[in-house]
Structures are given as structure tokens and as C-alpha cells.
Amino acid sequence: MTITIQVDTDHVNNLDISPVLKVITQLLEDKGMASWEQQLSFNIQYALSPGDPRELSEIPELRLWFVRLDAKYPWLPFLLDWKSGELARYTAMLVPHQFSAKEGIQYNPEALEIFLMHKIFILGDWLKEQGIPSSSRLKSMAQMLGYDLDDGLFEML
């Protein structure tokens, strides 16, 4: 069952992550985080001026809101609905990128690699704390972002 969090212009402009806090607090109380894997999505209603051609990930205020969110819940990618594009959107909010008409989103390769490894380390530790097997999940996340991780990495963790 997908959980959709509503985020509007006021939330973004005030760096108000309370809609997420409310949901995450409830999920943490349930103590069954594994059952909420890849179940979270965002419905972002951010007001743009008519004719503004920017994608949501090109709006500095929205990106800052996601930076704030990531600082609070750095393990949030575990909960995001990857199949519906939430992991890609989340990544786009945090990693410098450009849009190409032919190839779609093009992340800065070095920034994406740093972001991915940061998330691998954070999620690896968090998943262990939760008692959730991690290596296949982390490999899948890396593959979603275009990377293949070697098993040796997980032996070092």
C-alpha cells in the first residue's frame, strides 16, 4: 500500500517537513519498517508562475526542502517507491544535473557517485540496526542509479 505525502508551496517555502515527520513518526512506532519498503511517494504541489518551464528539481527552494528532509532522514530512500520514479526524483533533488531532450536527466557523474556511496554507507548501517538484510537492497538501489557494486564492498562493511 503506497503512502502519499502531500507537499505544497507553503511547506517548501517554510522548510516545513512536518507532513513527512507525521508519517515517519507513525511508521517508526509500528516498528515494522521492512513492511514499508518502497511504499512512500510525494505529491508535490508547488506553485510556479504561468509559463515557467522548470522541472521541480530545478527549483532551488524545493531542492533546499529536500536537503532539509535528507538531513533529518538520510535513510529515506529505503521507503521511497522506486518503481514510480521517487528514487530518481529524490536523487535529482540532491545531485546536480542537467536535462537533455534526447537522454533525459543527466546527473553530474562525480556528484552522483558521492551521493550513492554516501547512501550506501548510511543505509547499510541503518538496515543492520533494523535487522533487515542489506546487500541485495543496496545493490538494487545502485543499479537504479546506473552502478554495479562489487560484493567485496559489502564484505568490508
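In this report, we go over the structure that sits alongside the text. (Residues numbered from 1 in each chain as written. Predicted model: local features only at pLDDT ≥ 70, side-chain atom pairs only at ≥ 80, totals over all residues. Heavy atoms only, no water.)

**Brief notes about the packing of helix α5 (residues 109-130) against helix α6 (residues 135-144)**
- For the pair α5 and α6, interaxial distance at closest approach is 10 Å and the crossing angle is 160°. One way to sum up the angle between α5 and α6 is to call them roughly antiparallel. Crossing of α5 over α6 shows right-handed handedness. Contacts between α5 and α6 involve Leu116, Lys119, Ile120, Leu123, Gly124 and Leu127 from the former and Arg137, Leu138, Met141 and Ala142 from the latter.
- Partitioning the contact of α5 with α6 into residue classes produces seven nonpolar, one polar and two charged. (Axes fitted to C-alpha atoms, helices over the stretch in contact; angles between N-to-C directions. Helix = DSSP H or I, 4+ residues; strand = E, 2+ residues; numbered from the N terminus. Parallel < 35°, antiparallel > 145°, perpendicular 65-115°, else oblique. Left-handed = near helix turned anticlockwise from the far one by under 90°. Contact = heavy atoms within 4.5 Å. Nonpolar A, V, L, I, M, F, W, Y, C, P; charged D, E, K, R; others polar.)

**What to know about the nonpolar core**
- One finds Phe42, Trp65, Phe66, Leu69, Leu76 and Leu79 to be the most contacted residues of the largest nonpolar core, which totals 48 residues.
- Breaking this core down by element, the ones donating at least two residues are β1 (3-8), α2 (18-30), β2 (40-45), α3 (60-72), α4 (86-94), α5, α6 and α7 (151-156).
- Ranked by residues supplied to this core, first place goes to α5 with seven residues.
- With residues near it in sequence (within four places) discarded, Leu76 still touches Ile24, Leu40, Phe42, Leu69 and Tyr90. (Core = buried A, V, L, I, M, F, W, Y, C linked by side-chain atoms within 4.5 Å. Buried < 20%, exposed > 50% of the residue type's maximum accessible area, 1.4 Å probe, protein only.)

**With respect to a nonpolar patch on the surface**
- On the surface, Leu15, Leu64 and Val67 cluster together into a nonpolar patch covering about 240 Å² of accessible area.
- With respect to the helices, strands and loops of the structure, Val67 is situated in helix α3.
- The partly exposed category is assigned to Val67, whose relative accessible area is 42%. (Patch = residues over 30% accessible without salt bridge, like charges linked within 9 Å, V, L, I, M, F, W, Y side chains within 5 Å. Areas by Shrake-Rupley, 256 points an atom, 1.4 Å probe, with all protein chains shown as cover. Salt bridge = Lys/Arg side-chain N within 4 Å of Asp/Glu carboxyl O.)

**Here we look at α5**
- Over its 22 residues, α5 extends 31 Å from the first C-alpha to the last, a length consistent with the 32 Å expected when each residue adds 1.5 Å.
- Looking only at α5, the buried set comprises Leu112, Phe115, Leu116, Lys119, Ile120, Leu123, Gly124, Trp126 and Leu127.
- Where the residues of α5 are buried, they touch α3, α4, β4 (104-107), α6 and α7.
- Regarding α5, its N-cap is Asn108, as a side-chain oxygen of that residue lies 3.1 Å from the backbone nitrogen of Glu110 further along.
- Two residues or fewer after α5 comes Gly131, characterised by a positive phi angle close to 75°. (Expected span 1.5 Å × (residues − 1). Polar contact = N/O pair within 3.5 Å; in protein donor to acceptor, adjacent residues only side chain to side chain.)

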